[in-house]
Amino acid sequence: MKKPSAPSITTLPLSPDEERRHRMIKYSVAMSIRVVCLIVAVIVPGWWAAVPLIGAIFLPYIAVVIANVSVEQGRVDVQRPGAIVPVTPPQQRRREDGREDAQ
């Protein structure tokens, strides 16, 4: 019977608190950009004010989608060093007189 292996510390997902912190940072950055869009919409004259207003209207939706994207997508499983390179003992060769030499 094969014993189940314990998860490695490098393959465990982020803790809920750390994941929440990452999502809050992404959302806060997007909402800060929205505030800048609103300020620019007030400053820019004429119909050019519509461009930052459109950004300010759609940014909340985009911010929620970006904040809820999983952080785990780019993560790669890490292997322990012994599993990467197999270790083999040095080969022995025989001399003409019958003794063995290590290479």
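Worth saying up front: this structure is predicted, and the values here are computed from it rather than measured.

Visitor: Report on the overall build of the chain, specifying residues and quantitative values.
Guide: What the chain contains, in helices and strands, is three helices and two strands. Helices and strands in the chain line up, N terminus first, as α-α-α-β-β. Looking at the chain residue by residue over its 103 residues, the buried ones come to 11%. Within the chain, contacts between residues separated by at least 24 positions form 54% of all contacts whose residues are at least 6 apart in sequence.

Visitor: With reference to specific residues and values, describe the packing of aromatic side chains.
Guide: Inspection of every chain in the model, using the stated rule, returns one aromatic pair. Centroid distance Trp-47 to Trp-48: 4.5 Å. Interplanar angle 25 degrees. Geometry classified as stacked. Note on accessibility: Trp-47 and Trp-48 belong to one class, exposed.

Visitor: Hey, could you go over the pattern of salt bridges for me, with residue numbers and the actual values?
Guide: For the coordinates displayed, the defined rule picks out one salt bridge. The closest approach of N and O atoms between Arg-20 and Asp-17, which form a salt bridge, is 2.9 Å. Remark: Asp-17 and Arg-20 occur in helix H1 (residues 16–43); sequence separation between them is three residues, near one turn of the helix. The class for Arg-20 is partly exposed, based on a relative accessible area of 40%.

Visitor: Tell me what's going on with the environment of Val-69, and back it up with residues and numbers.
Guide: Along the chain, Val-69 turns up in the loop between helix H2 (50–67) and helix H3 (81–84). Its relative accessible area of 36% is what places Val-69 among the partly exposed residues. Separated by 46 residues in the primary sequence, Val-69 and Arg-23 have C-alpha atoms spaced 8.5 Å apart.

Visitor: Tell me about H1, and please be specific about residues and values.
Guide: Under the 1.5 Å per step criterion, the end-to-end length of H1 is 41 Å for 28 residues, consistent within 8% with the ideal 40 Å. By the burial criterion, the buried members of H1 are Ala-30, Met-31, Cys-37 and Ala-41. Where H1 is buried, its residues meet H2.

Visitor: So what about H2? Which residues, and what values?
Guide: Here H2 is 18 residues long and its end C-alpha atoms lie 26 Å apart, about the 26 Å a rise of 1.5 Å per residue gives. The largest bend in H2 comes to about 40 degrees, at Leu-59, with the proline Pro-60 one to four residues further on. Buried residues of H2: Pro-52, Ala-56, Leu-59, Ala-63 and Ala-67, and no others. Where the residues of H2 are buried, they touch H1.

Visitor: Explain the packing of H1 against H2 to me, using residue names and the numbers behind them.
Guide: Close contact between H1 and H2 brings their axes to 8 Å; oriented N to C, the two are set at 175 degrees. Overall, the two elements H1 and H2 adopt an arrangement that is roughly antiparallel. Contact with H1, carried on its side by Arg-23, Lys-26, Tyr-27, Ala-30, Met-31, Ile-33, Arg-34, Cys-37, Leu-38, Val-40 and Ala-41, involves Pro-52, Leu-53, Ala-56, Leu-59, Pro-60, Ala-63, Val-64, Ile-66 and Ala-67 of H2 and no other residues of that element. Considered class by class, the residues forming the contact of H1 with H2 number 17 nonpolar, no polar and three charged.

Criteria and thresholds
- Note that residues are indexed from 1 along each chain, following the sequence as it is written.
- For this predicted model, a pLDDT threshold of at least 70 governs which residues receive local features, and a threshold of 80 or more governs which side-chain atom pairs are given and counted, while totals over whole chains, interfaces and linings are taken from all residues.
- Hydrogens are left out, water is left out, and the side-chain values use all remaining heavy atoms of the structure.
- Numbered from the N terminus, helices here are DSSP runs of H or I no shorter than four residues, and strands are runs of E no shorter than two.
- Think of it in three bands: with a 1.4 Å probe and only protein chains considered, a residue is buried below 20% of the maximum accessible area for its type, exposed above 50%, and partly exposed in between.
- Throughout, a residue-residue contact means that at least one pair of heavy atoms, one from each residue, lies within 4.5 Å.
- Pairing of aromatic rings covers Phe, Tyr and Trp, the last counted by its six-membered ring, and requires centre-to-centre distances within 6.5 Å; plane angles under 30 degrees mean stacked, over 60 mean edge-to-face, and any other angle means tilted.
- Each salt bridge in this description consists of a side-chain nitrogen of Lys or Arg and a carboxyl oxygen of Asp or Glu lying within 4 Å of one another.
- What a helix is expected to span follows from its residue count: subtract one and scale by 1.5 Å.
- For a residue, the bend is simply the angle between two axes, fitted respectively to the seven-residue segment ending there and the seven-residue segment starting there.
- Where helices are involved, their axes are fitted lines through C-alpha atoms of the stretch in contact, as for all axes, and angles between N-to-C directions lie from 0 to 180°.
- The labels follow the angle: roughly parallel below 35 degrees, roughly antiparallel above 145, roughly perpendicular from 65 to 115, and oblique for the rest.
- Three classes are used, and their members are as follows: Ala, Val, Leu, Ile, Met, Phe, Trp, Tyr, Cys and Pro are nonpolar, Asp, Glu, Lys and Arg are charged, and the others, Gly among them, are polar.

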